[in-house]
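Geometric and topological summary
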Number of protein chains: 2
Amino acid sequence: MKNKITLKELAKLLNVSISTVSKALNDSPEISTKTAERVKELAKLHNYRPNPVAVNLKSSKSGTIGVIIPNISNSFFARVLSGIEAEAQRAGLQVITYISNEKLEREKQICDMLTTGYVDGVLIAVAEETQRKKEFDHLYQLVDYGIPVVLYDRINFDIPADRIGIDDVGTFADVTRRLLAKGIKKIGIATTIHHMGVGKLRIDGYKQALPENRTFYIANSARPEVLKEKTEKMLVVDKVEAVICTDYVSTMRVYRTAYEHEINIPKDLKVIGFIGKEFANFLTPSISYIDQFPEEMGAGAMQLLEARLNNYNKDKSNSERILKTSLVDLESTRF
Amino acid sequence: MKNKITLKELAKLLNVSISTVSKALNDSPEISTKTAERVKELAKLHNYRPNPVAVNLKSSKSGTIGVIIPNISNSFFARVLSGIEAEAQRAGLQVITYISNEKLEREKQICDMLTTGYVDGVLIAVAEETQRKKEFDHLYQLVDYGIPVVLYDRINFDIPADRIGIDDVGTFADVTRRLLAKGIKKIGIATTIHHMGVGKLRIDGYKQALPENRTFYIANSARPEVLKEKTEKMLVVDKVEAVICTDYVSTMRVYRTAYEHEINIPKDLKVIGFIGKEFANFLTPSISYIDQFPEEMGAGAMQLLEARLNNYNKDKSNSERILKTSLVDLESTRF
DNA sequence: CTGAAAGCGCTTACAG
DNA sequence: CTGAAAGCGCTTACAG
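This structure is a prediction, so every number in the text was calculated from the model and none was measured.

The next point concerns the overall build of chain A. Helix and strand content of chain A: 14 helices and 12 strands. The C-alpha atoms of chain A give a radius of gyration of 26 Å, which is well past the 20 Å a tight globule of 335 residues would have. Taken along the three principal axes of its C-alpha coordinates, chain A extends 85 × 40 × 35 Å. The buried share among the 335 residues of chain A stands at 56%. Across chain A, every contact between residues at least 6 apart in sequence was considered, and the portion connecting residues at least 24 apart equals 69%. Total accessible area on chain A stands at roughly 15,000 Å², and carbon and sulfur atoms take up 50% of it. Within chain A, one finds 47 positive and 43 negative side-chain charges whose respective centroids are separated by 3 Å.

Written as structure tokens, this is what we have:
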């Protein structure tokens, strides 16, 4: 068990003061080139690294940021995390990961812990339960504590924080219009997240794009059995010609239901999914999907946070960044 | 921007010394009940929380552990992380996440950073490139530095560390035997990880289970086009009756290839995948899969690390924990 | 150019 | 039972 060498030990070996060693290593102009070289050489020899905890204590920074993820099994969030990590690495920051499992209680605990000074800033996608119960006190608490907060993905809340996400309404309106333009009349939407902000917006986009008096077909439930029933009704009874899905689970549900009822995709049913390319390309048939570039969202969120960290007091107004999405055409919408 | 209250300020408000406040809050028996109560009351009122950085500096611990993940988009690792996070939370530890992207260079950087004292321990699934190049110096370096290391999932290396994984040989031998028992003769295996330890073991298990002189059918490549070709040969030319897959990508490849060549699953081809339940149940048809309980692996890895952290010097021998796997029968293996 | 001193926020042996 | 002091490993204004 090798022990890490400290400034003090280095100073003793060099017969100079701790201050001198510290300054030399930090390239202070106060120090003579000669001394600086001696110090650096020995430091290198012993593979000296400043103890980050001590540095943090001095600077009252932690050099880490906290990321709150609602559900890491969702590959979207996993990929967002990947983008965050890459950007944090570039900025020399450590990423502490917290998983809320979509639970308000857990999210509160996490925020509580974050106010104690573990992190310099927080990236969060607000948990489903939190949105449903509209309880945001713990988030305000973070902000009041002076901890910069950036909302990602789930951003339509009235909280004074920077945010990054996609144009949910626009994206879904656009996709709906594309189907209409191809002459498809009966278009349905499937969702398991209709009670969440993003879900509502996506449904809104769908509705806005449909012509007046056109019937809406909506299969919405977070409960698997209910979603299944509603999807079956939409596909088998209502016989929609196309379905747009707002999330992973509803996308897969539509696929399964079509399969079970021997409805041919894309001949009898076009499907546009909201899933990642790592699934979309492999499904049978492959599925056209809306790409929301998760890694970019993560990197962007991190950049917003960095901007805050670097001049927190200068700019009080909150910024919002909306990322472009892209519809990728695969087999499930072929004509 | 509320400023956090410190021990010093608390002491001043109470007209006692900093030591007294500290002891009172830490339930030292030295302090009178009366004083302790006064202190605690005020601390509560001001929502006092000890600065973790200062505590860490005193204790020479960081209260955080590092998790190195090769590829977070792989839902297996995402779920492992979920298990780690849950267990860490229980133990009051913070989890810093690092993503190696299967790269040796990045893994080295991470290990380098970890030796500076950011974390008390490390959980790692060794990157693919690292395994291929057999360069483990950076891992030895961690161990030499006295940082407890736990290997998870990818565990067949000669590194003095605790480890947790599955019985790859046994699992694949068992699955192969099950197919044989149903009277299936031509069994193939598809893999994109044949150059990795776990991949080799899984293929070994498959080979061991087949009777003498039985032909092996192996579609192995990490390159998508090559894998596709080999899979096509296996399904179309060799006409195997069943395929066992060692990983997510090969599983999806087999599905796609069967679909493209109109090979009916399960009538003409049985498939056993190595993917998570979140995909398996939704595919069309649903796919029988080997469940390796990722969350349990994560929690188990964390527990091994906790054990190390709590008595690092007492027990020098390394422990290994092998988790049970389970074959879940769904539509792709129906007779 | 170098070093002594103060201080970041805590804990804990030691003295009283 | 309470408090002064030392110290964890650094940085940095200040003195020389």
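The next thing to look at is the protein's contact with DNA strand C. Taken together, 26 residues form the shell around DNA strand C, and within it Lys23(A), Thr35(A), Lys58(A), Leu7(B) and Ser22(B) come nearest. Within 4 Å of the protein, the contacting atoms of DNA strand C are drawn from sugar and phosphate to the extent of 56%. Ala54(B) is positioned such that a nitrogen or oxygen atom in its backbone is 3.5 Å from a base nitrogen of DNA strand C. When residues of the surface near DNA strand C are traced back to their parent elements, those giving at least two are α2 (18-25) and α4 (52-59) of chain A together with α1 (7-14), α2 (18-25) and α4 (52-59) of chain B. For the surface near DNA strand C, the element with the most residues is α2(B), which contributes 4 residues. When grouped by side-chain class, the residues that make up the surface near DNA strand C number 9 nonpolar, 10 polar and 7 charged.

Next up on the list: empty space enclosed by the protein. Tallied over the entire structure, the rule returns 1 cavity of 30 Å³ or more. Approximately 180 Å³ is the volume found for the largest cavity. Around the largest cavity, the lining is made up of 16 residues, and of these Asn56(A), Thr64(A), Asn56(B), Ser62(B) and Thr64(B) lie nearest the centre.

All names here are of chain B. Reading across the sheet, the 6 strands line up as β7-β6-β8-β9-β10-β12 and stay open at both edges, with mixed pairing between neighbours. Across the chains shown, the open sheet's two edge strands, defined by having one partner strand only, are β7 (217-220) and β12 (326-328). Strand-to-strand, the axes of this sheet are offset by a mean angle of 20°, without reference to chain direction. One ladder, built from 4 bridges, connects strand β6 (residues 187-191) with strand β8 (residues 242-245); its direction is parallel.

Residues and elements named next belong to chain A. In space, the 6 strands of this open sheet follow the order β7-β6-β8-β9-β10-β12, with mixed pairing throughout. Each end of this open sheet is capped by a strand with a single partner; those strands are β7 (217-220) and β12 (326-328). Across this sheet, the average inter-strand angle for adjacent strands is 20°, counted without regard to direction.

Residues in close proximity to DNA strand D total 26 residues, the closest being Ser22(A), Ser19(B), Lys23(B), Thr35(B) and Lys58(B). If you look at DNA strand D and keep only atoms within 4 Å of the protein, 57% of those are sugar or phosphate atoms. Ala54(A) has a polar backbone atom sitting 3.4 Å from a base nitrogen of DNA strand D. Ser32(B) has a polar backbone atom sitting 3.3 Å from a phosphate oxygen of DNA strand D.

Quick look at the UniProt feature "domain: HTH lacI-type" (unreviewed entry) in chain A now. According to UniProt, the positions carrying the feature "domain: HTH lacI-type" (unreviewed entry) are residues 5-59 of chain A. Across residues 5-59 of chain A, the secondary structure splits into 67% helix and 0% strand, with the terminal C-alpha atoms separated by 21 Å.

Turning our attention to the interface of chain B and chain A. One frequent convention defines the size of an interface as the accessible area lost when the parts assemble. Taken together, the contacts link 54 residues of chain B with 54 residues of chain A. For the chain B and chain A pair, buried surface summed over both sides reaches about 5,400 Å², with 58% attributable to carbon and sulfur atoms. Here chain B and chain A share 6 salt bridges between them. Where Arg106(B) meets Glu85(A), a salt bridge forms, and the shortest distance between an N and an O atom there is 2.9 Å. At the junction of chain B with chain A, the criterion picks out 19 residue pairs in polar contact (both at pLDDT 80 or more). Secondary-structure elements contributing two or more residues to the side of chain B that touches chain A are α4, α5 (75-91), β2 (94-99), α6 (104-118), α12 (248-260) and α13 (277-280) of chain B. A per-element tally of the side of chain B that touches chain A places α6(B) first, with 8 residues. Across the side of chain B that touches chain A, the residue classes tally to 26 nonpolar, 16 polar and 12 charged.

With that settled, consider helix α14 (residues 294-310) of chain A. In this model α14(A) runs 24 Å from its N-terminal to its C-terminal C-alpha over 17 residues, within 8% of the 24 Å that 1.5 Å per residue would give. Looking at α14(A), one finds that the buried residues are Pro294(A), Met297(A), Gly298(A), Ala299(A), Gly300(A), Ala301(A), Met302(A), Leu304(A), Leu305(A), Glu306(A) and Arg308(A).

With that out of the way, let us pick up the side chain of Asp168(B). Residue and element names in this part refer to chain B. You can see Asp168 is positioned in helix α9 (residues 168-181). What makes Asp168 buried here is its relative accessible area of 4%. Every residue in contact with Asp168, bar those within four places of it in the chain, is listed here: Val198, Leu201 and Arg202.

Moving on, we get to the pairing of strand β8 (residues 242-245) of chain A. Residues and elements named next belong to chain A. Here β8 shows a buried face lined by Ala242 and Ile244 and a second buried face lined by Val243 and Cys245. In terms of strand pairing, β8 meets strand β9 (residues 270-273) through 3 bridges, oriented parallel. Across the sheet, Ala242 pairs through a bridge with Lys270, a residue of β9. For the crossover from β8 across helix α12 (residues 248-260) to β9, the handedness is right-handed.

So, about the nonpolar core. One finds Leu123(A), Tyr152(A), Leu269(A), Leu123(B), Tyr152(B) and Leu269(B) to be the most contacted residues of the largest nonpolar core, which totals 133 residues. Other than its neighbours up to four places away in sequence, Leu269(B) contacts Leu235(B), Val240(B), Glu241(B), Ala242(B), Val243(B), Val254(B), Ala258(B), Ile263(B), Asn264(B) and Ser332(B). Residues Ile124(A), Leu114(B), Tyr118(B) and Val126(B) belong to the second largest nonpolar core, which totals 46 residues.

All names here are of chain A. Packing of helix α5 (residues 75-91) against α14 leaves a shortest axis separation of 6 Å and a crossing angle of 45°. By the angle between their axes, α5 is oblique relative to α14. The way α5 lies across α14 gives a crossing that is right-handed. Within the contact between the two elements, α5 uses Phe76, Arg79, Val80, Gly83, Ile84, Glu87, Ala88 and Ala91 and α14 uses Pro294, Glu295, Met297, Gly298, Ala299, Met302, Gln303 and Glu306.

Residue and element names in this part refer to chain A. What the rule picks out here adds up to 17 aromatic pairs over all chains. Note on Phe136 and Phe157: the rings are 5.3 Å apart at their centroids and 50° apart in plane angle, and the pair reads as tilted. With a gap of 21 residues between them, Phe136 in the loop between α7 (128-133) and α8 (137-144) and Phe157 in the loop between β4 (149-152) and β5 (162-166) connect regions that are remote in the sequence. Here Phe136 matches Phe157 in class, with each residue buried.

For the rest of this paragraph, the subject is the relation of the copies chain B and chain A. With an RMSD of 0.1 Å, chain B superimposes on chain A once it is rotated by 180° and translated 0.0 Å along the axis. Both copies are brought into coincidence by an operation consistent with a two-fold rotation axis. Considering only C-alpha atoms, the residue of chain B closest to the rotation axis is Ile96(B), which sits at 2.2 Å. Of all interface residues in chain B, 100% are interface residues in chain A too; the two copies therefore contact each other through one and the same surface.

Rules used throughout
- Residues numbered from 1 in each chain as written.
- Chains lettered and ligands numbered in written order.
- Predicted model: local features only at pLDDT ≥ 70, side-chain atom pairs only at ≥ 80, totals over all residues.
- Heavy atoms only, no water.
- Helix = DSSP H or I, 4+ residues; strand = E, 2+ residues; numbered from the N terminus.
- Rg over C-alpha atoms; globule rule 2.2 N^0.38 Å.
- Buried < 20%, exposed > 50% of the residue type's maximum accessible area, 1.4 Å probe, protein only.
- Contact = heavy atoms within 4.5 Å.
- Areas by Shrake-Rupley, 256 points an atom, 1.4 Å probe, with all protein chains shown as cover.
- Lys, Arg positive; Asp, Glu negative; His and termini not counted.
- Charge placed at Lys NZ, Arg CZ, Asp CG, Glu CD.
- Near = heavy atom within 4 Å.
- Polar contact = N/O pair within 3.5 Å; in protein donor to acceptor, adjacent residues only side chain to side chain.
- Nonpolar A, V, L, I, M, F, W, Y, C, P; charged D, E, K, R; others polar.
- 1 Å grid on protein atoms, 1.4 Å probe; cavity = no way out; pocket = protein on both sides within 12 Å on 5 of 7 lines; lining within 4 Å.
- Points joined across faces, edges and corners; volume = space filled by probe spheres on them.
- Pairing = 2+ DSSP bridges.
- Axes fitted to C-alpha atoms, helices over the stretch in contact; angles between N-to-C directions.
- UniProt positions renumbered as here; feature names shortened; annotations may be inferred.
- Buried area = accessible area lost by both parts, 1.4 Å probe.
- Salt bridge = Lys/Arg side-chain N within 4 Å of Asp/Glu carboxyl O.
- Expected span 1.5 Å × (residues − 1).
- Right-handed = clockwise from strand over helix to strand, strands pointing away.
- Core = buried A, V, L, I, M, F, W, Y, C linked by side-chain atoms within 4.5 Å.
- Parallel < 35°, antiparallel > 145°, perpendicular 65-115°, else oblique.
- Left-handed = near helix turned anticlockwise from the far one by under 90°.
- Phe/Tyr/Trp six-rings, centres within 6.5 Å; stacked < 30°, edge-to-face > 60°.
- Least-squares fit on C-alpha atoms with pLDDT ≥ 70 in both.

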